[in-house]
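A look at the structure
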Amino acid sequence: MKILITGTAKGIGKATAEYFLDKGHEVAGLDVLGSSIDHMNYTHHIADVSDENTFPELDGIEVIINNAGVQNCNDIEINLKGTIKISEFYISRNTRAVVNVASTSAHTGAEFGEYAASKGGILAYTKNLASRLAPQGATANSISPGGVKTEMNLPVMEDEKLWNQIMDLTPMKKWAEPEEIARWIYFLAVENKSATGIDIIVDNGENTCGAKFIWPE
């Protein structure tokens, strides 16, 4: 299958691209940064998800994975509008699945305000996509990670005091690895054939104890 993934330079996007490649798929990655993936079935494109003028022409894309995102910097433009722009640009009769990466903050609001709003908008847009794509047998779903061990979260991961506070509030006393989120995305995009318009929360139980946002002051 031909897969389009945004935000593949690092973190969840990179892990997801590598997982799909390991499964034998052809992957096109989009990011404002250069590529760190070297694979014969991977093609990297420098593009800004908020600017349609930078989008490459790609034929035969069957799965769209909107992962590109920022925190506390143009969140609405990139996280929400970027997801919408990429989807509307590349959706076609070839589309079999769309998976959008949201966040537990979409459910709790426990984040920077604009970030939480951008992710909440992704949930609503995913439902809209699901209703439009269903007639052609395609699915549209989202995944809402809680804490994930990525570079974006280094400010708390490398601060022992803040990290201990977070672990005190996390029932399973851990965060997810990017590869775990990649496997969930793969399931929703490839193995799933019937679930559509849903959001999967993967947060090690954060929501069960009431979410609280912890970040350096």
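Everything below is about the structure printed above this text.
As a starting point, this report considers the structure included with it. Computed from a predicted model, the values in this text were never measured in an experiment. (Residues numbered from 1 in each chain as written. Predicted model: local features only at pLDDT ≥ 70, side-chain atom pairs only at ≥ 80, totals over all residues. Heavy atoms only, no water.)

1. Here we look at the pattern of salt bridges
Filter applied, for reference: Within this document, salt bridges are pairs made up of a side-chain nitrogen of Lys or Arg and a carboxyl oxygen of Asp or Glu, the two lying within 4 Å of each other. In DSSP terms, a helix is any run of H or I states spanning at least four residues, a strand is any run of E spanning at least two, and both are numbered starting from the N terminus.
If you walk through the whole model with that rule in mind, you get 4 salt bridges. Of the charged contacts in the structure, one is a salt bridge between lysine 81 and glutamate 77, with a shortest N-O distance of 3.0 Å. Taken together, the positions of lysine 81 and glutamate 77, both in helix H2 (residues 75-90) and 4 residues apart, correspond to about one turn of that helix.

2. With respect to the pairing of strand S6 (residues 139-145)
Our working definition: Note on exposure labels: buried denotes an accessible area under 20% of the residue type's maximum, exposed denotes more than 50%, and partly exposed covers the range between, all computed with a 1.4 Å probe on protein chains only. Criterion used throughout: strands pair if DSSP finds at least two bridges between them.
Of all the 7 residues making up S6, 7 are buried; the element is thus mostly covered by neighbouring parts of the structure. Here strand S5 (residues 97-101) pairs with S6 via 5 bridges, running parallel. Following the sheet pairing, valine 101 is matched in S6 by isoleucine 143. Direction of pairing for S6 relative to strand S7 (residues 199-202): parallel, over a ladder of 4 bridges. Counted as the bridge partner of serine 144 is isoleucine 201 from S7.

3. Describing the sheet that holds S6
Heads up, the condition is: The axes used here are C-alpha line fits, helices contributing only the stretch in contact, and every angle between their N-to-C directions lies in the interval 0 to 180 degrees. A contact between two residues is defined here by any heavy atoms of the two lying within 4.5 Å.
With respect to topology, 7 strands assemble into an open sheet ordered S3-S2-S1-S4-S5-S6-S7, the strand pairing being parallel. Looking at which strands have only one partner, the edges of the open sheet turn out to be strand S3 (42-46) and S7. Within this sheet the neighbouring strands show an average axis-to-axis angle of 15 degrees, counted without direction. Sheet topology note: the strand S2 (residues 26-31)/S3 ladder contains 5 bridges and is parallel. Residue leucine 30 lies in a different strand from S3, and its bridge partner there is histidine 45. Packed on one face of the sheet, helix H4 (residues 113-133) meets S5, S6 and S7 and runs near 160 degrees to S6. This element, helix H7 (residues 178-191), spans strand S4 (63-66), S5, S6 and S7 of the sheet and lies at about 165 degrees to S6.

4. Comments concerning the nonpolar core
Convention followed: To qualify as a nonpolar core, a set must consist of buried Ala, Val, Leu, Ile, Met, Phe, Trp, Tyr and Cys residues joined through side-chain atoms within 4.5 Å.
Phe20, Val27, Ile65, Ile143, Ile181 and Ile185 are the most contacted members of the largest nonpolar core, which totals 25 residues. Within the residue set of this core, elements represented by two or more residues are strand S1 (2-6), helix H1 (11-22), S4, S5, H7 and S7. Ranked by residue count, the leading element in this core is H7, at 6 residues. Contact partners of phenylalanine 20, with chain neighbours within four places excluded, come to Ile3, Ile5, His25, Val27, Ile65, Ile185, Tyr186, Ala189 and Val190. Counting 20 residues, the second-largest nonpolar core is a separate cluster that includes Ile61, Ala68, Val98 and Ala130.

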